[in-house]
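Residue-level structural notes
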Amino acid sequence: AIIACAALEFYGPYALLRSVSVDSSHQGQGLGQKLTNACLEMATQYKIEKVFLLTQTAGDFFPRFGFTKIDRDGVPEEIKRSVEFASVCPVSSLVMVKEI
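Described in the following lines is the structure provided in the data block. The structure displayed is predicted, hence computed values, not measured ones. (Residues numbered from 1 in each chain as written. Predicted model: local features only at pLDDT ≥ 70, side-chain atom pairs only at ≥ 80, totals over all residues. Heavy atoms only, no water.)

Some words on the side chain of arginine 18
Spelled out, the test is: Each helix is a run of H or I in the DSSP string that is no shorter than four residues. Each strand is a run of E no shorter than two, and both are numbered from the N terminus. Polar contacts, as used here, are pairs of N or O atoms within 3.5 Å; protein pairs need one atom able to donate a hydrogen and one able to accept it. Residues neighboring in sequence count only if both atoms are side-chain atoms. Two residues form a contact once any of their heavy atoms are found within 4.5 Å.
Inspection of the secondary structure assignment puts arginine 18 in strand 2 (residues 14-22). Within the structure, arginine 18 has its side chain in polar contact with the side chain of glutamate 9 (distance 2.5 Å). Every residue in contact with arginine 18, bar those within four places of it in the chain, is listed here: Ala6, Ala7, Glu9 and Glu84.

Some words on the environment of leucine 54
We apply this condition: We call a residue buried when its accessible area falls under 20% of the maximum for its residue type, exposed when it is over 50%, and partly exposed in between, using a 1.4 Å probe and counting protein chains only.
Among the secondary structure elements, leucine 54 is positioned in strand 3 (residues 50-55). With relative accessibility at 10%, the residue leucine 54 sits in the buried group. In this structure, the C-alpha to C-alpha distance between leucine 54 and proline 90, residues 36 residues apart in sequence, is 9.2 Å.

Quick look at the nonpolar core
Put simply, the rule reads: Only buried residues count toward a nonpolar core, which is a set of Ala, Val, Leu, Ile, Met, Phe, Trp, Tyr and Cys residues joined through side-chain atoms within 4.5 Å.
Formed by 13 residues in total, the largest nonpolar core has its most connected members in Leu8, Leu17, Val51, Leu53, Phe62 and Phe67. Those elements that provide at least two residues to this core are strand 2, helix 1 (31-45) and strand 3. Counting residues per element, this core draws most heavily on helix 1, at three residues. Leucine 8 has contacts with Ala15, Leu16, Leu17, Cys39, Met42, Ala43 and Val51, leaving out every residue within four places of it along the chain. Core analysis: the next-biggest nonpolar cluster, separate from the first, contains 10 residues, Phe52, Leu54, Ile79 and Cys89 among them.

Overview of the layout of surface pockets
Counted only if it meets this: Whether a set of points on the 1 Å grid over the protein atoms alone is a cavity depends on a 1.4 Å probe fitting there but being unable to get out, while an open set qualifies as a pocket with protein on both sides within 12 Å along at least five of seven lines; lining residues are those with an atom within 4 Å of a point. Grid points are joined across faces, edges and corners, and a volume is the space filled by probe spheres set on the points. As a working rule, the residues Ala, Val, Leu, Ile, Met, Phe, Trp, Tyr, Cys and Pro are called nonpolar, Asp, Glu, Lys and Arg charged, and the rest polar, with Gly in that last group.
Roughly 480 Å³ of internal volume is contained in the largest pocket. Lining the largest pocket are 23 residues, with Val20, Ser21, Val22, Ala58 and Phe61 sitting closest to its centre. Of all the elements in the fold, those that place two or more residues in the lining of the largest pocket are strand 2, helix 1 and strand 3. Sort the elements by how many residues they give to the lining of the largest pocket and strand 2 lands first, with six residues. Of the residues that constitute the lining of the largest pocket, the class distribution is nine nonpolar, 12 polar and two charged.

Let's talk about the packing of aromatic side chains
As a reminder, the rule being used: Here is the rule: rings of Phe, Tyr and Trp (six-membered ring for Trp) pair when centre to centre is within 6.5 Å. Planes less than 30 degrees apart are stacked, more than 60 are edge-to-face, and the remainder are tilted.
Here the structure, examined in full by the defined rule, presents six aromatic pairs. For the pair phenylalanine 62 and phenylalanine 65, a centre-to-centre distance of 6.5 Å together with 50° between the ring planes defines the contact as tilted. In this structure, phenylalanine 62 and phenylalanine 65 share a single accessibility class: buried. Taking 5.8 Å as the distance between ring centres and 75° as the angle between the ring planes, the aromatic pair formed by phenylalanine 62 and phenylalanine 67 counts as edge-to-face. For the pair formed by phenylalanine 62 and phenylalanine 67, the shared burial category is buried. In textbook terms, an aromatic cluster arises when at least three aromatic residues are bridged by ring pairs, as seen for Phe61, Phe62, Phe65 and Phe67.

Next comes the structure, spelled out in structure tokens:
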């Protein structure tokens, strides 16, 4: 069974952190932190300049990794064209960024 997941989508010098999720029966064990850190390490290895994310529910989780809130207008076109940004996540989603 899948108990946790996270992903990075690459868009030139940028990446979109996607789908950080931990099954409720396994929360509180640091899995979300480990997966987020692994994605940020991967971004560093691939020389990504900035990692963006959209969230409806985890705005308090990501600042511990250095993510800050930004306006949607501050997102580069490459990220705006992603499926997640363009259609999956509602416009009410919080947008965050971390410089690598």
